[in-house]
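Fold and contact review
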2 protein chains.
Amino acid sequence: MAENMPTNSSGGESLLYLTDEQLRKGIEAMFFAYRGFTADPDRILENMDYGRAHHRAVHFIHRSAGTTVGNLLAILGVTKQSLNRVLRTLFDDELVEARVGKKDKRERHLHLTEKGRALERALSDAQRSRMRSAYRAAGPQAVQGFRTVLEAMMDPELRRQFQGLVETGQ
Amino acid sequence: MAENMPTNSSGGESLLYLTDEQLRKGIEAMFFAYRGFTADPDRILENMDYGRAHHRAVHFIHRSAGTTVGNLLAILGVTKQSLNRVLRTLFDDELVEARVGKKDKRERHLHLTEKGRALERALSDAQRSRMRSAYRAAGPQAVQGFRTVLEAMMDPELRRQFQGLVETGQ
DNA sequence: AGGATATGTCAGCCTTGTTGACATTCCAAG
DNA sequence: CTTGGAATGTCAACAAGGCTGACATATCCT
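A short note on the interface of chain A and chain B
- With 58 residues of chain A at the contact, the number on the chain B side is 58 residues.
- Interface area, chain A with chain B, both sides summed: about 6300 Å², of which 72% is carbon and sulfur.
- Our enumeration of links across chain A and chain B arrives at 8 salt bridges.
- A salt bridge links Arg128 of chain B to Asp20 of chain A, with the shortest nitrogen-to-oxygen separation between them at 3.5 Å.
- The tally of links from chain A across to chain B stands at 18 residue pairs in polar contact (both at pLDDT 80 or more).
- Mapped by element, the contributors of at least two residues to the side of chain A that touches chain B are helix H1 (20-45), helix H2 (52-63), helix H3 (69-76), helix H5 (114-138), helix H6 (140-153) and helix H7 (156-162) of chain A.
- In terms of residues, the side of chain A that touches chain B owes the most to one element, H1 of chain A, which gives 18 residues.

In structure tokens form, the structure reads like this:
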């Protein structure tokens, strides 16, 4: 319905990749790929009492050991009540521990316990394994492009988070 | 923690892109990019009584006009109860209509109404706009790689869905 | 006629998000 | 040294959107 026509506004080189149809394909590719992306960890989680929210928390606590609750809130983009529900179960099950900040005693610095690291490893092994296959099948050139487009798709603020321009605070 | 070392099992060319660290970056890129990917339609939806589930339904009914309920179930990967809750509101609000199949009268073939097409356009305009910016910023080469990696990440069955090897049934 | 298929629906449950209100502890500036 | 604001935790209530199980109806196909 009035799609498909490349908006051939600029001159020379092929802009066919900016066609509405190509963009739609890209959108659906994101949708289906994200399903695959989460499928393996989800399978592991569903046997335990955890869900994707726990995965995300564990992942980022692993990545940024010693991060504060506030920092985690900013990264995950959920409310503190929502995060707290997750963190509480992780504390109770001794996967994560919170250490009172030395400089600022109001802050809680989060760390995985040995048990927590074990779960993290199981989850990320599964997820990395799929990622590795995809990367290998696609080749370094494609991976480069993959990363470039993904970064361009992020909100600027999140892109900064991603690029690690946010300090942990101790 | 015993990461970071490239598994330099094979010989010559650089396999640095298969490093655990690089894979972790890819995983987080997916996470943050998906947030951006859904952000714009979500903003539109939150003013109405709809959510992401409605968006998905409307998208795929648009893409495959006349598809059946069963087909949609397969594509979306949810239960019929879950889909039905969504479809019912779309029928009630006259965004979607169901036509009894001509060959097989058990089937319901789904179509967007004019009103439905309007919503679809609003949503996909927003989503495509971000996609287009990302594509343009990254360039055709990168887009090619982006698509290649995403396809490699899908479950094989979903990849077939994506590549459109599934007929609609009328 | 009878089994299989496509769809719809009721009821109930879970996870994970939300808002609002409030308490505690601690830092930092006046 | 007091006081406002920051970082955190918690209670309660609610909503969206998944899920299972059970059942009903219409239709097709053998």
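Still to come is the rest of the account.
Focus on the protein's contact with DNA strand C
- The environment of DNA strand C is made up of 25 residues, and the closest members are Arg56, Thr79 and Arg85 of chain A together with Lys80 and Arg106 of chain B.
- Sugar plus phosphate: this is where 54% of the atoms of DNA strand C within 4 Å of the protein reside.
- At 2.7 Å, a backbone N or O of Gly70 of chain B approaches a phosphate oxygen of DNA strand C.
- One nitrogen or oxygen atom from the side chain of Arg106 of chain B is found 2.7 Å from a base oxygen belonging to DNA strand C.
- For the surface near DNA strand C, the secondary-structure elements that each account for two or more residues are H2 and helix H4 (80-92) of chain A together with helix H3 (69-76) and helix H4 (80-92) of chain B.

Quick look at the relation of the copies chain A and chain B
- Superposition record for chain A on chain B: RMSD 0.0 Å, screw rotation 180°, translation along axis 0.0 Å. Within this description, the copies of the chain are treated as partners about a two-fold rotation axis. Ranked by how close their C-alpha atoms come to the rotation axis, the residues of chain A are headed by Phe146 of chain A, at 1.8 Å.
- Looking at the interface residues of chain A, 100% of them are also at the interface in chain B, so both copies use one shared face.

A few points about the nonpolar core
- In this structure, Met30 and Phe146 of chain A together with Met30 and Phe146 of chain B are the most contacted members of the largest nonpolar core, which totals 89 residues.
- Excluding its chain neighbours within four sequence positions, the residues that come into contact with Met30 of chain B are Ala33, Tyr34, Phe37, Met131, Phe146 and Leu150 of chain A together with Leu150 and Met153 of chain B.

Conventions and cut-offs
- Throughout this description, residue numbers start from 1 for each chain and increase along the sequence as written.
- Each chain gets a letter, beginning with A, and each ligand a number, beginning with 1, in the order they are written.
- Totals for whole chains, interfaces and linings use all residues, but because this is a predicted model, local features are given only for residues with pLDDT of at least 70 and pairs of side-chain atoms are given and counted only at 80 or more.
- Remark: hydrogens and water are excluded; side-chain values derive from all non-hydrogen atoms of the structure.
- Here, residues are in contact when the closest pair of their heavy atoms is within 4.5 Å.
- What gets called buried area is simply the loss in accessible area from a 1.4 Å probe that two parts show on being joined, summed for both.
- Think of a salt bridge as a Lys or Arg side-chain nitrogen and an Asp or Glu carboxyl oxygen that are within 4 Å of each other.
- Contacts described as polar in this section are N or O atom pairs within 3.5 Å, which, within protein, must combine one atom able to donate a hydrogen with one able to accept it, while residues neighboring in sequence count only if both atoms come from side chains.
- Every helix listed is a DSSP run of H or I at least four residues long, and every strand listed is a run of E at least two residues long, numbered separately from the N terminus.
- One heavy atom within 4 Å of a molecule or strand makes the whole residue count as near it.
- To superpose the copies, least squares is applied to the C-alpha atoms of every residue with a pLDDT of at least 70 in both.
- Among buried residues, the Ala, Val, Leu, Ile, Met, Phe, Trp, Tyr and Cys ones that are joined through side-chain atoms within 4.5 Å form a nonpolar core.
- Relative accessibility under 20% of the residue-type maximum defines a buried residue, over 50% an exposed one, and the middle range a partly exposed one, all with a 1.4 Å probe and only protein chains included.

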